[in-house]
Amino acid sequence: MAQDITKQKHMNFKEIAAYSLGLFGFQAIVGLLNSYQAEFDSSILGADIAVVGVLILIAKIVSAVFDPIVGNMIDRSKSKNGKFKSMIMYSLAPLLVMTAVVFLKVPFTGVGLYVWIFVTYLIWSLAMTLGDVPSQGIASVLTPNPTERTNVVSISNTFKQVGFSACVVIVPIVCLIIPNGSKVFVASGETDTPMISSEYFFTALLTAVLGCVLFALIPMLNKERVAYVATEKTTFKDMIGALKNNKPFMLVIVSYFLGFGRQMAMGIQVQAANVILGSQNLVAVLGIVTAVGSMISMALCPVLIKKMGEKKTYILLSVYGFAVSVLSFVIGHFYFISPENKVLMVLFYLSLFLIGLQFGAVTLMPMIMTADCVDYYEYETGKRMEGAAYSILTLTIKVCLALGTALGLVFIQVSGYSDTVTQIANGTATGFDLGTKDLVFFAYTVVPGILALLSIFPIFKYDVVGEKKAKIASELAARRKNAE
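Treat the numbers as computed from the prediction; the structure is a model and nothing was measured. Sequence order as written defines residue numbering, which begins from 1 separately in each chain. Note on the predicted model: pLDDT of at least 70 is required for a residue's local features to be given, and 80 or more for side-chain atom pairs to be given and counted; whole-chain, interface and lining totals, by contrast, use all residues. Neither water nor hydrogens contribute to the side-chain values; these are computed over all heavy atoms in the structure.

Undergrad: Where do I start with the environment of Leu-347 in this structure?
TA: Helix numbering and strand numbering both begin at the N terminus, where a helix is a DSSP run of H or I of at least 4 residues and a strand a DSSP run of E of at least 2. Structurally, Leu-347 can be placed in helix α16 (residues 342–356). Burial classification: accessible surface area is computed with a 1.4 Å probe over protein chains only, and a residue below 20% of its type maximum counts as buried, one above 50% as exposed, and the rest as partly exposed. With relative accessibility at 35%, the residue Leu-347 sits in the partly exposed group. Residues Leu-347 and Ser-328, spaced 19 residues apart in sequence, show a C-alpha to C-alpha distance of 8.5 Å.

Written as C-alpha cells, this is what we have:
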C-alpha cells in the first residue's frame, strides 16, 4: 500500500525559521524601496513625485526581461549547492550596495537627476531579481509534501509580509538615533519636521545589512529535496510555451494582473500617513494596524484551504477585500470631517485592520498555487520548470507592484499633495483639506478593493484543488520513487 505523501514531514524547525527569516530580511529591503524611494526622490532630491512613479514603472518593465533570464539560469543550473541556493548567494552583495546607493543625496538636477533615479533603481531592480526569483521558487523544492509546503509557505509569507512593512518601524527608530534627527511626534499635533537625507541613507544601510544577513540564512540552512535534472538552454519562446500549456498557471498570472492594484496602498503609505495622520513618521500606525490583519489572514489561510480549497479561499478573501475596502473609505470620510469623534476614530482603525485580513489572497495564495502548477506541469509533461514558473510569477508581481505604485502616485499628484506639503513648509497652509484626504484615501482603499474583485474571474476556472491535487502529488511521489 502506497504511503500517503501528505502525512510525511521533511522540514525541521531550523529550516522553517531560516526560510521565514530570510524572506523577512529580503522583503524588508523591498518594502523600504517601495515605501520611501518616491518620498526621498521628491523631498530630498527635488524630483516630481508623479514622474518618479513613471520612472519606477519603466524601470520595472525593463528589468522584467531579467526575470526569465534568471529563471532560465536556475533551470539549467548544475550547482552542487542547489540551483536556487547558489543564485541567492550571488544576489547578496549587489543588493546590499545598491539599496544604499539609491538613497544617496546627489547634486544632480533636471534631466541628470531623473537619469540618476532611473539608472540606480534599474540596477537595484536587477540585483533584487537575482534574489527574488530563487527565494520564491525554492518553496517548490523544500518538500515534496504539498500539505507541508502550504504550511511552510503560510508561515514564511507571514514573516515576508511583516518584513515588507518593517520599514515603517525602522525609519522612526533611525530618526531618533541620528543626531538632530526628525521628531517622531510633535506635542502640538502639527506635521513633524521632514526627514533629512542622512536619515534616509542610514535607514537604507541598516536595512540592507540586516536584510542581507537574514536572507543568507536560506542558502545556509535549507535543503532542496525535490530532485531535478538540469535542462538545456530554455528560450523565452519555450517559457511562453510552458505558460501557454499550463492553463492553471496562466489563470493565476492573469488573475494577478487584473488585481495589480491590491498592494498599491503600500506604494503610497508614507504619503497617506502624512495626509491622514499629519506625519509621514506615523506611517508605522497605518502599517502596523494593517500588517496585524495580514498576519492573521496568512495564519488562517491553511485552515481555510483545508476546509474550502485554494480556489474558494481566494475568491472569499477577494470579495471580502472589496467589501471591507469600500466600508473603510466611507468610515474614513466621516472621520476626516469629525476627527475628534472617538467612535469614528476606533471604527477607522478597526476598518484598516479588517482590510489587512484580505492580504493572504495576494501574498500567499499565488505562491501556493504556483507550486501546485509546477507539480501539475510535471505530471502532464514529465518536466519541472520551477525557475521558469517563478520567474514569470516574480516578473508579474514586480510589474503589478510598479503599476500599482505608479497609479497611486498619480492619485497623490492629482490630489494636490505636493503643493500642500510646500505650502505647509512655507507656513501658508496648516494641513490638508478634505478633498485631498478623500482622494488619497480613495486610492488607498477603494481602488485596490475594486481590482481585488476583478482578480477573481480567472480563478473560477482554476481546478488544481482537492482530489486532483492529491492525485498529482501521489503520482509524482511514485514516479520519483521508481526513478531512484
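Undergrad: Sorry if this is basic, but what is going on with the pattern of salt bridges here?
TA: Just to be clear on terms, a salt bridge is a Lys or Arg side-chain nitrogen sitting within 4 Å of an Asp or Glu carboxyl oxygen. A complete count under the given rule lists seven salt bridges for this structure. Glu-15 serves as the salt-bridge partner of Arg-225, at 2.8 Å between the closest nitrogen and oxygen. Of this pair, Arg-225 sits in the loop between α9 (217–221) and α10 (236–244) while Glu-15 sits in helix α1 (residues 13–43), and the two are 210 residues apart along the sequence. Assessed through its relative accessible area of 25%, Arg-225 is described here as partly exposed. When the shortest N-O distance is used, the salt bridge between Glu-475 and Arg-479 registers 3.2 Å. Taken together, the positions of Glu-475 and Arg-479, both in helix α24 (residues 466–483) and four residues apart, correspond to about one turn of that helix. Connected through salt bridges with shared partners, the residues Arg-149, Glu-310, Asp-372, Asp-375 and Lys-469 form a single ionic network.

Undergrad: Explain helix α18 (residues 365–381) here, please?
TA: Residues that lie three or four places apart on an α-helix share one face, since the helix turns once every 3.6 residues. By this rule, a helix spans an expected 1.5 Å times one less than how many residues it contains. Taking 1.5 Å of rise per residue, the 17 residues of α18 would be expected to cover 24 Å, and the 24 Å separating its terminal C-alpha atoms lies within 8% of that figure. The buried count for α18 comes to 14 of 17 residues, which makes it a mostly enclosed element. Looking one or two residues beyond α18, the residue adopting positive phi is Gly-382, at roughly 85 degrees.

Undergrad: Teacher, can you tell me more about the confidence of the model for the protein chain here?
TA: Regions with low pLDDT carry predicted coordinates that are not meant to be interpreted in detail. The pLDDT value expresses, per residue, how confident the predictor is, ranging between 0 and 100. Per-residue confidence for the protein chain gives a mean pLDDT of 83; residues scoring 70 or more make up 88%. Mean pLDDT values for the elements of the protein chain range from 67 in helix α7 (residues 167–177) up to 94 in helix α23 (residues 456–459). Residue contacts are counted whenever heavy atoms from the two residues lie within 4.5 Å of one another. Below a pLDDT of 50 lies the segment residues 182–193, which in the model reaches 24 contacts outside its immediate sequence neighbourhood of four places, other chains included.

Undergrad: Where do I start with the packing of helix α3 (residues 66–76) against helix α19 (residues 386–414) in this structure?
TA: To describe two helices that pack against each other, one gives the angle between their axes and the distance between the axes. All axes are obtained by fitting lines to C-alpha atoms, using only the stretch in contact for helices, and the reported angles, taken between N-to-C directions, cover 0 to 180 degrees. Two numbers describe how α3 lies on α19: the axes approach to 7 Å, and their chain directions differ by 160 degrees. If you check the angle between α3 and α19, you find them roughly antiparallel. Relative to α19, α3 is oriented so that their crossing is right-handed. In contact with Asp-67, Pro-68, Gly-71, Ile-74 and Asp-75 of α3, α19 contributes Glu-386, Gly-387, Ala-388, Ser-391, Thr-394, Leu-395 and Lys-398. Under the convention adopted here, Pro, Cys and the residues Ala, Val, Leu, Ile, Met, Phe, Trp and Tyr are nonpolar, Asp, Glu, Lys and Arg are charged, and Gly plus all remaining residues are polar. Grouping the constituent residues of the contact of α3 with α19 by class yields four nonpolar, four polar and four charged. For this classification, under 35 degrees means roughly parallel, over 145 means roughly antiparallel, 65 to 115 means roughly perpendicular, and everything else is oblique. By definition, turning the near helix anticlockwise from the far helix through less than a right angle yields a left-handed crossing, and turning it clockwise yields a right-handed one.

Undergrad: Explain the packing of aromatic side chains to me, please; I cannot follow it from the model alone.
TA: Between two aromatic rings, the relevant description is the distance of the centres plus the angle of the planes. By convention, a stacked pair of Phe, Tyr or Trp rings (six-membered ring in the case of Trp) has centres within 6.5 Å and planes under 30 degrees apart, an edge-to-face pair has planes over 60 apart, and any other such pair is tilted. Evaluation of the coordinates by the stated rule reveals 20 aromatic pairs. A centroid spacing of 5.5 Å and a plane angle of 80 degrees characterise the contact between Phe-329 and Phe-442, whose relative ring orientation is edge-to-face. Taken together, the residues span a long stretch of sequence, with Phe-329 in helix α15 (residues 310–337) and Phe-442 in helix α21 (residues 434–444) at a distance of 113 residues. The class of Phe-442 is partly exposed, set by a relative accessible area of 29%. Between the aromatic rings of Phe-336 and Phe-348, the centroid separation amounts to 6.0 Å while the plane-to-plane angle is 65 degrees, which identifies the pairing as edge-to-face. Placement of the pair is Phe-336 in helix α15 and Phe-348 in helix α16, with a sequence separation of 12 residues.

Undergrad: Would you mind going over the packing of helix α11 (residues 247–258) against α18 with me for this structure?
TA: Interhelical geometry of α11 versus α18 gives an angle of 155 degrees and a closest axis separation of 9 Å. One way to sum up the angle between α11 and α18 is to call them roughly antiparallel. Between α11 and α18 lies a crossing whose hand is left-handed. On α18, the residues touching Pro-248, Phe-249, Val-252 and Tyr-256 of α11 are Pro-366, Met-369, Thr-370, Cys-373 and Tyr-376. Taken together, the residues that form the contact of α11 with α18 break down as eight nonpolar, one polar and no charged.

Undergrad: Just to check I follow, could you spell out the environment of Lys-83 for this structure?
TA: By the secondary structure assignment, Lys-83 is in helix α4 (residues 83–102). Residue classification places Lys-83 among the buried residues on the basis of a relative accessible area of 2%. Along the sequence, Lys-83 and Pro-134 sit 51 residues apart, while their C-alpha atoms lie 8.2 Å from each other.

Undergrad: When you look at the side chain of Ser-297 in this model, what are you seeing that I'm missing?
TA: Relative to the helices and strands, Ser-297 is located in helix α14 (residues 283–308). Take Ser-297: its relative accessible area is 3%, and that puts it in the buried class. From its side chain, Ser-297 meets the backbone oxygen of Leu-357 in a polar contact 2.7 Å long. Definition of a polar contact: a pair of N or O atoms within 3.5 Å, with one able to donate and the other able to accept a hydrogen when the atoms are protein atoms, and with sequence-neighbouring residues admitted only if both atoms are side-chain atoms.

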